[in-house]
2 protein chains.
Amino acid sequence: MITLGFMIEVKGYAAHNASSPLSPFSFERRNLLDYDVMIDINYCGICHTDIHQVKNEWGRSNYPMVPGHEIVGVVSKVGSKVTQFKVGNQVGVGCFVDSCRNCDTCKKGLEQYCSSLLTTYNGIEKDGKTITQGGYSNKIIVDENYVLHMPENLKPENAAPLLCAGITLYSPLMKWNAGPGKKIGIIGLGGLGHIGVKIAHALGAEVSVLSHSHKKQKDSMKMGADYFYSSSDPKTFEKLEGYFDIMINTISANVDLNEYLNLLKLDGTMVIVGIPEKDSHISPYTLISARRNLTGSLIGGILETQQMLDFCSKHKIECDVELISIQKINEAYERIINSDVRYRFVIDLSSLKC
Amino acid sequence: MITLGFMIEVKGYAAHNASSPLSPFSFERRNLLDYDVMIDINYCGICHTDIHQVKNEWGRSNYPMVPGHEIVGVVSKVGSKVTQFKVGNQVGVGCFVDSCRNCDTCKKGLEQYCSSLLTTYNGIEKDGKTITQGGYSNKIIVDENYVLHMPENLKPENAAPLLCAGITLYSPLMKWNAGPGKKIGIIGLGGLGHIGVKIAHALGAEVSVLSHSHKKQKDSMKMGADYFYSSSDPKTFEKLEGYFDIMINTISANVDLNEYLNLLKLDGTMVIVGIPEKDSHISPYTLISARRNLTGSLIGGILETQQMLDFCSKHKIECDVELISIQKINEAYERIINSDVRYRFVIDLSSLKC
């Protein structure tokens, strides 16, 4: 157990319980350790996870809680042994800020599956008591091994959501070999789905979007989708039977997964990246009859996240965002719950000074 | 549409409806076509599928129905263009006797997934009307491309169940790379599971059996299992969390799949090969949190079935069978329903003459 010194004053917005609105909050972060980087935060994306955590919907929330894990900023100070970053570098922090570094998964660069993963907020620091606090704040201190280099050619506010939404889609698309000749179906066109369309398109795959209504059809074409299908039209499920190599299910609503699984061809794979509240009902026959796979995927490791950022840099992939001041955070949460965002809210942290 | 001539008199046992016992039945098979092989059947295994079909539990049964798709016999005649078999060869026939031969899956040697698959019984022949009849009979006529060479060093009565049960386990074990260094869990030690243990062991993997009680523990060790766990002991599910690379689920009873999925390590795969009556409930979180796969597998193609037979020949893998006369068929069905068989019934067709 280590002892952390606390002297860095930070301003942010926090939830103080599961039901009140978020409000201004001042707190301290640890002093810079040898391998730490201090980041002045400029932008932070709002992920649906933030809302689940704030409302304690997963039952493990600690308050006060400063959410936020799509963090972009500029290095303002570095610890004495930091080698990978310099003051002035544009950097990012995603969903986690440390892990055990010794287990098999850490060694494979799959830290996201480490059982000692330290999440960016609502996690417990190595001192065994301090709760981590996230990016709805003006500064953060993170070990350099968990910090990402942000591409200079992407607008930081449009790149911020890549740090969670982007890697969440990139990782399974890479693992299941999305690329030329492959037919990809993206289920749901929200914060996750819209980046999935852009990445899958840039990988050279044929991309179809399956969305409830036709409202987002035009947008999806601009993002690089080849086809758009309404999932409220039963003909969609007849027409596309056995069509896709890979489907990424980004929706957290409980839908009939069998209908969608049936759209996979022989050896096709559906990856769940959104967590529905309830268990899903699966027909084993649907899996057996065409050797279909159902699997899940959780964000990505640090190395792969950097590769994703470099890929997005190369292909100029930015997220479609609505920039808001921190004072609008509670309103933004309401709009996310009502699926009224195209396609991701990002907080401009300069508003904290107001 | 072709016309089939019928002149070959055959004796067998048939179901005449979904509820009566099977009884003696005489029928005709097609005359030998150019590429056909006539087989004098010596043995036929009893698969649980036979019972589902006889009882019309899948709703697509045609009567009278002569079941049986684990057929071993000797070639007694060959068509004018047959090149792969000679009179006197010991041969086998599995779950299907033809397919379209032109689709992508057929071309890949995955005929079992062809949408025009002609099942060994209860299928409709290329004349569009004749119902295929299976191996509970003294003769069968099959196109040589759907006939297997049976290894000379295996007892034919002990090899018969390889043609369905054997390939059902071999195919997913190969696809998911069972072998040295891999930890395999076989769920259920019945007709399917017991062959799975033998094959996985011969592949050099570490094999664990998860079975309801400890009754079959001793047997499983003889088959090559390294470990045996009772699935009725809750500690099993604590102890083995995140342990297996591959699990093959052979049980058709509806169990809590999440409990078993939780036993897979990162990137582990559970293959369902038994079809439960009802849908399964899956927790997406269980899949996401360790990138676990849930998939299914259906028997195997002709080439892979031959490879499986050759593998079993090399490793002297035979099934544990209880040989019965055809007159005992209805009693055997009852015993299978009550899980009272170690581990597969095989019919000695010489009893048809009695």
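Residues numbered from 1 in each chain as written. Chains lettered and ligands numbered in written order. Predicted model: local features only at pLDDT ≥ 70, side-chain atom pairs only at ≥ 80, totals over all residues.

(A) Region of the structure containing the overall build of chain A. Regarding its fold elements, chain A presents 11 helices and 18 strands. Scaling as 2.2 N^0.38, a compact globule of 354 residues should have a C-alpha radius of gyration of about 20 Å, and chain A matches this with 20 Å. Split into buried and exposed, the 354 residues of chain A put 48% on the buried side. A fraction of 68% describes how many contacts in chain A between residues 6 or more apart in sequence connect residues 24 or more apart. (Helix = DSSP H or I, 4+ residues; strand = E, 2+ residues; numbered from the N terminus. Rg over C-alpha atoms; globule rule 2.2 N^0.38 Å. Buried ≥ 20, exposed ≤ 12 C-beta atoms within 10 Å, placed from the backbone. Contact = placed C-beta atoms within 7 Å.)

(B) Just the nonpolar core, in detail. Ranked by internal contacts, the top residues of the largest apolar core, which has 206 residues, are Leu162 of chain A together with Leu162 of chain B. In contact with Leu162 of chain A, other than residues within four places in its own chain, are Ile167, Ile195, Met308, Leu309, Cys312 and Cys319 of chain A. (Core = buried A, V, L, I, M, F, W, Y, C linked by C-beta atoms within 7 Å.)

(C) Representation of the interface of chain B and chain A within the structure. Taken together, the contacts link 26 residues of chain B with 26 residues of chain A. Elements represented by at least two residues in the side of chain B that touches chain A include exactly β14 (264–272), β15 (280–282), α9 (284–288) and β16 (293–296) of chain B. A per-class count over the side of chain B that touches chain A returns 14 nonpolar, 9 polar and 3 charged. Taken together, the 3 bridges between strand β15 (residues 280–282) of chain A and β15 of chain B define a ladder with antiparallel strand orientation. Bridging from a neighbouring strand, His281 of chain A pairs with His281 of chain B of β15 of chain B. (Nonpolar A, V, L, I, M, F, W, Y, C, P; charged D, E, K, R; others polar. Pairing = 2+ DSSP bridges.)

(D) Representation of the relation of the copies chain B and chain A in the model. Note on the copies: chain B fits chain A at an RMSD of 0.0 Å, the axial shift is 0.0 Å, and the rotation between them is 180°. When the rotation and shift are considered jointly, the pair of chain copies conforms to a two-fold rotation axis. When the interface residues of chain B are mapped onto chain A, 100% of them are again interface residues, pointing to one common binding face. (Least-squares fit on C-alpha atoms with pLDDT ≥ 70 in both.)

(E) Region of the structure containing helix α11 (residues 329–337) of chain B. Residue and element names in this part refer to chain B. Buried within α11 are the following residues: Ile329, Ala332 and Tyr333. In a view along the axis of α11, the buried residues occupy a sector of 105°, so they form one face of it. Of the exposed residues in α11, those oriented more than 90 degrees away from the buried face are Glu331 and Glu334. Where the residues of α11 are buried, they touch β1 (6–14), α1 (48–54), β17 (321–325) and β18 (344–348). Positioned one or two residues after α11, Ser339 has a phi angle of 55°, which is positive. (Arc of directions from axis to C-beta.)

(F) Molecular detail of the sheet that holds strand β13 (residues 244–249) of chain B. The 12 strands lie next to each other as β12(A)-β11(A)-β10(A)-β13(A)-β14(A)-β16(A)-β16(B)-β14(B)-β13(B)-β10(B)-β11(B)-β12(B), forming an open sheet whose pairing is mixed. Each of the sheet's edge strands pairs with one partner strand only, and the pair in question is β12 (227–230) of chain A together with β12 (227–230) of chain B. Averaged over neighbouring strand pairs, the angle between their axes works out to 20° when direction is ignored. Set on the sheet, helix α5 (residues 191–202) of chain A makes contact with β10 (183–187), β11 (206–211) and β13 (244–249) of chain A; between it and β10 of chain A the angle comes to about 170°. (Axes fitted to C-alpha atoms, helices over the stretch in contact; angles between N-to-C directions.)

(G) Looking closely at helix α5 (residues 191–202) of chain B. Residues and elements named next belong to chain B. Helix length check: α5 (12 residues) gives 17 Å between terminal C-alpha atoms against 16 Å at 1.5 Å per residue, within 8%. Of all 12 residues in α5, 10 are buried, a share of seventy percent or more. Residues of α5 that are buried include every one of Gly191, Leu192, Gly193, His194, Ile195, Gly196, Val197, Lys198, Ile199 and Ala200, and no others. (Expected span 1.5 Å × (residues − 1).)

(H) Representation of the domain arrangement of chain A in the model. Residue and element names in this part refer to chain A. You can read the domains of chain A as domain 1 (6–164 + 320–353) and domain 2 (165–296). Once you take the C-alpha centre of each, domain 1 and domain 2 turn out to be 28 Å apart. Taken together, the contact pairs 11 residues of domain 1 with 9 residues of domain 2. Among the residues making up the side of domain 1 that touches domain 2, the classes are represented as 6 nonpolar, 2 polar and 3 charged. (Domains from an automatic or database assignment.)

(I) Fine view of the confidence of the model for chain A. Averaged over all residues, the pLDDT of chain A equals 95, while 99% of them reach at least 70. ipTM for the predicted complex: 0.93, alongside a pTM of 0.94. (pLDDT = per-residue confidence, 0-100.)

(J) Seen up close, the packing of helix α4 (residues 165–175) of chain B against α5 of chain B. Residues and elements named next belong to chain B. The contact between α4 and α5 brings their axes to 8 Å, and the two run at 50°. Comparing the axis directions of α4 and α5 gives the class oblique. The interaxial crossing formed by α4 with α5 has right-handed handedness. Of α5, the residues touching α4 (which contributes Ala165, Gly166, Thr168, Leu169, Tyr170 and Leu173) are Gly191, Leu192, Ile195, Gly196, Ile199 and Ala200. Among the residues making up the contact of α4 with α5, the classes are represented as 8 nonpolar, 4 polar and no charged. (Parallel < 35°, antiparallel > 145°, perpendicular 65-115°, else oblique. Left-handed = near helix turned anticlockwise from the far one by under 90°.)

(K) Local environment of unusual backbone geometry. The omega torsion of the bond from Arg342 of chain A to Tyr343 of chain A falls at 0°, within 30 degrees of zero and hence cis. For Asn177 of chain A, which is not a glycine, the phi torsion comes out positive at approximately 65°. Structurally, Asn177 of chain A is set in the loop between α4 (165–175) and β10. Of the residues examined, Asn177 of chain A has 13 C-beta atoms within 10 Å and is grouped as partly exposed. With phi around 50°, Arg291 of chain B is a residue other than glycine that occupies positive phi space. Take Arg291 of chain B: it is sitting in the loop between α9 and β16. What makes Arg291 of chain B buried here is the crowd of 23 C-beta atoms within 10 Å.

(L) Geometry of the pairing of β10 of chain A. All names here are of chain A. Within β10, 5 of the 5 residues are buried, leaving the element largely enclosed by the surrounding structure. Side-chain alternation along β10 places Lys183, Gly185 and Ile187 on one buried face and Ile184 and Ile186 on a second face that is also buried. Two elements, β10 and β11, share 5 bridges in a ladder whose sense is parallel. If you follow Lys183 over to β11, its bridge partner there is Glu206. Each parallel crossover has a hand, and for β10 linked through α5 to β11 it is right-handed. (Right-handed = clockwise from strand over helix to strand, strands pointing away.)

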